[in-house]
Amino acid sequence: MLNIDNLHVEIGGKAIINGLTLEVPAGQVHAIMGPNGAGKSTLSYALTGREGYEVTRGTATLNGVDLLSLPPEARAAKGLFLSFQYPLEIPGVPTLTFLRTALNAQRKARGEDEISVPDFMKLSREVAKKLGVTQDMMKRPLNVGFSGGEKKRMEIYAMALLDPRFMILDETDSGLDIDALRVVSEGVNALRGPKKAMLVITHYQRLLDYIKPDRVHVLAGGRIVDSGGPDLALTLEASGYDRYKDAA
Amino acid sequence: MPAIKETIDTVESIAEYEHGFVTDIEMELAPKGLNTDIIRFISAKKGEPQWMLDWRLAAYERWLTMQEPTWAMVRYPKIDFQDCYYYAAPKAKIELDSLDDLDPEILATYQKLGIPLREQEVLAGVKGAPRIAVDAVFDSVSVATTFRAELAKSGVIFCSMSEAIKDYPDLVRQYLGSVVPVTDNFYATLNSAVFSDGTFVYIPPGVRCPMELSTYFRINAADTGQFERTLIIADKGSYVSYLEGCTAPKRDENQLHAAVVELVALEDAEIKYSTVQNWYPGDKNGVGGIYNFVTKRADCRGARSKVSWTQVETGSAVTWKYPSCILRGDQSQGAFYSIAITNGHQQADTGTKMIHLGNHTRSRIVSKGISAGQSNNTYRGLVSAHAKATGTRNFTQCDSLLIGDQCGAHTVPYIEAKTPHATFEHEATTTRLSEDQLFYCRQRGLPPEDAVALLVNGFVREVLQELPMEFAVEAQKLVAISLEGSVG
């Protein structure tokens, strides 16, 4: 599925990721944990192709497709999705209009037919029901005036509608209260599947109680410094990241 | 929304200004330059009565004493008013019995622009397209006006200004210059002296105009100024919705367009005036393009009358334009909804004036300015309340969107309340189309041009909703095309 090999990323000439190697096979959920400034968000932006995140060495492929040579929209069409830590507001554009335009752009890029309006409406209602997204939220301009929790819920809603193959969740738990965390996590879990995979970026163990990872990696100083099973997250919660200072 | 999809398709299919072609046709031109002989020539060509010629000559005398305004935030080389043709007309039969007599080249031009001049074409029409009566102005003359017979049944007069001067002199004499006086400003005075043609509309009392009226202005000839004059009178309790569209060929020289539009709304009458202005904006280096120096004003003369201006300004090298409302009648209402887009080296200084004279008058201003490239976009607006105008209200919302880091957005609001009984609200925002938003859209699968089109259409949505449906789609496409190449 996702293969990252010896990835180096710079922002404005400053090295942030220094030789990161990671493999996430299909059907699995991997968690990336680490202290502030470890390069967690940089990794998600470098993979999705944000401008200013310069890959100086290394490779990243999704199902064998070289991601790094593609513009962001082409990576999205290949099935790569990022749930943003801070979802953007898009004034004047109703949520459903935005999502349908996005879905059709992806389908077009893949050489598929556009989804019809009735089919899309049906799909959007089914998904909305599961995630507790109201009709009102779907009609309002995307994320405008939404609370932090509502925005995160909309990210997962978009994820469910666009049906990506590889999902990166960047601190999806931040800004969520316990109830919202449960709803969002259930939504995420529903999207797990044998042909899909996820990378869950988080500071805290809390989210991993709901979204159970197959593997946990510790990112520090721009490299993976430790990997293990779900238990590693519990250890980290107890001991903190101090012991990785030297490893970084 | 299918319109957004359509926008995206259009952006993909059209690389640049699509109306830039020139129609090759024999023209009759007055000699270059401006003097009393030229004015007499224009007046004689149109077979005008003496009073009209006197009016023009008086305006010319006045104009000679006036100075070009320099207060607007626009920079352009000095215009040589003697190096310009003031009259250009297709050489053809003056009186047309039917459209079959119209030069096929002109007919083809309008077809190419997507403007139906043959009524049967409109009737057969594009699927689901509503019937719209069109007055087509080609350089200095009106070449065709459709659906006149049908409109006449309800008493609506819809014809060219030249015809109105001959056929309805009393109405013209009563109202022409009553909203924009001959002495109003440099360009309006120039227009009064040399105006060539334009549209005249009269809606009789209590009549709701049965279809949308529209005028399409086309500048074709080189070195020619277009000076059209439009006069719309909505008599008591009547209603009319009117749309104006404009295009011009691509030329390296700048061309002057100095129009005057006057609207008169009597008691309980309502006028909706929409403009989609797409004059040639010049090339990417800022060479050529139209100077659009236009005076548009409405007089809400009667009690409870209503006027709304909706404009989508995407073209012209330089725009200087302030569609305004004089709220004279008690409880009259004025509205101004504007989208002004500048890209490349375009400059726009546009806005409105809401002059509250009557009691309990209300006005609303929603202005959306978008600047891209190296352009400058200024909103300039005046809201004033007369000492005797009690209980007046205004709400102004003025938003600017910047795309890129080499353009400018400026907001210059003037607010004058001479009575304590006025409530004026002004809100303004300036935002930059952020890299964050753009990346967010691209991560969801939208190519950059589509993302900009979507974001910009979102920004202007509130104003687009004010346009008649069929033009809203057209305008939405135009918005996307105008910003072509502004990112990436």
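Residues numbered from 1 in each chain as written. Chains lettered and ligands numbered in written order. Predicted model: local features only at pLDDT ≥ 70, side-chain atom pairs only at ≥ 80, totals over all residues.

The feature "domain: SUF system FeS cluster assembly SufBD N-terminal" (unreviewed entry), as annotated in UniProt, sits at residues 151-208 of chain B in this numbering. What you have in residues 151-208 of chain B is 45% helix and 16% strand, and the ends, taken at the C-alpha atoms, are 11 Å apart. (UniProt positions renumbered as here; feature names shortened; annotations may be inferred. Helix = DSSP H or I, 4+ residues; strand = E, 2+ residues; numbered from the N terminus.)

Okay, helix α4 (residues 117-131) of chain A next. Helix length check: α4(A) (15 residues) gives 21 Å between terminal C-alpha atoms against 21 Å at 1.5 Å per residue, within 8%. One or two residues past the end of α4(A) sits Gly132(A), with phi positive at roughly 65 degrees. (Expected span 1.5 Å × (residues − 1).)

Our next topic: helix α6 (residues 148-162) of chain A. One full turn of an α-helix is made of 3.6 residues, so residues set three or four places apart face in the same direction. All names here are of chain A. The end-to-end C-alpha distance of α6 is 21 Å, a good match for the 21 Å that 15 residues give at a rise of 1.5 Å each. Along α6, eleven of the 15 residues are buried, which leaves the element largely enclosed by surrounding structure. Residues of α6 that are buried: Glu 150, Lys 152, Arg 153, Met 154, Glu 155, Ile 156, Tyr 157, Ala 158, Met 159, Ala 160 and Leu 161. Buried positions along α6 lie against β6 (80-83), α3 (95-109), α4, α5 (135-139), β7 (166-170) and α7 (178-190). Where α6 ends, the next residue or the one after it, Asp 163, has phi of about 50 degrees, a positive value. (Buried ≥ 20, exposed ≤ 12 C-beta atoms within 10 Å, placed from the backbone. Contact = placed C-beta atoms within 7 Å.)

A common measure of how large an interface is: the accessible area buried when the components associate. Across the contact, 19 residues belong to chain B and 23 residues belong to chain A. Counting residues per element, the ones that place at least two in the side of chain B that touches chain A are α10 (435-443) and α11 (448-464) of chain B. Per element, the largest residue contribution to the side of chain B that touches chain A is seven residues, and it comes from α10(B). The residue inventory of the side of chain B that touches chain A, partitioned by class, reads nine nonpolar, four polar and six charged. (Nonpolar A, V, L, I, M, F, W, Y, C, P; charged D, E, K, R; others polar.)

All names here are of chain B. Counting 201 residues, the largest nonpolar core has Val 201, Ala 234, Leu 263, Ala 265 and Ile 271 as the members making the most contacts within it. Tallying contributions element by element places α11 first for this core, with ten residues. Dropping the residues within four chain positions of it, Ala 265 is found in contact with Ala 234, Glu 270, Ile 271, Ala 298, Cys 300, Arg 301, Gly 302, Ser 305, Lys 306 and Val 307. (Core = buried A, V, L, I, M, F, W, Y, C linked by C-beta atoms within 7 Å.)

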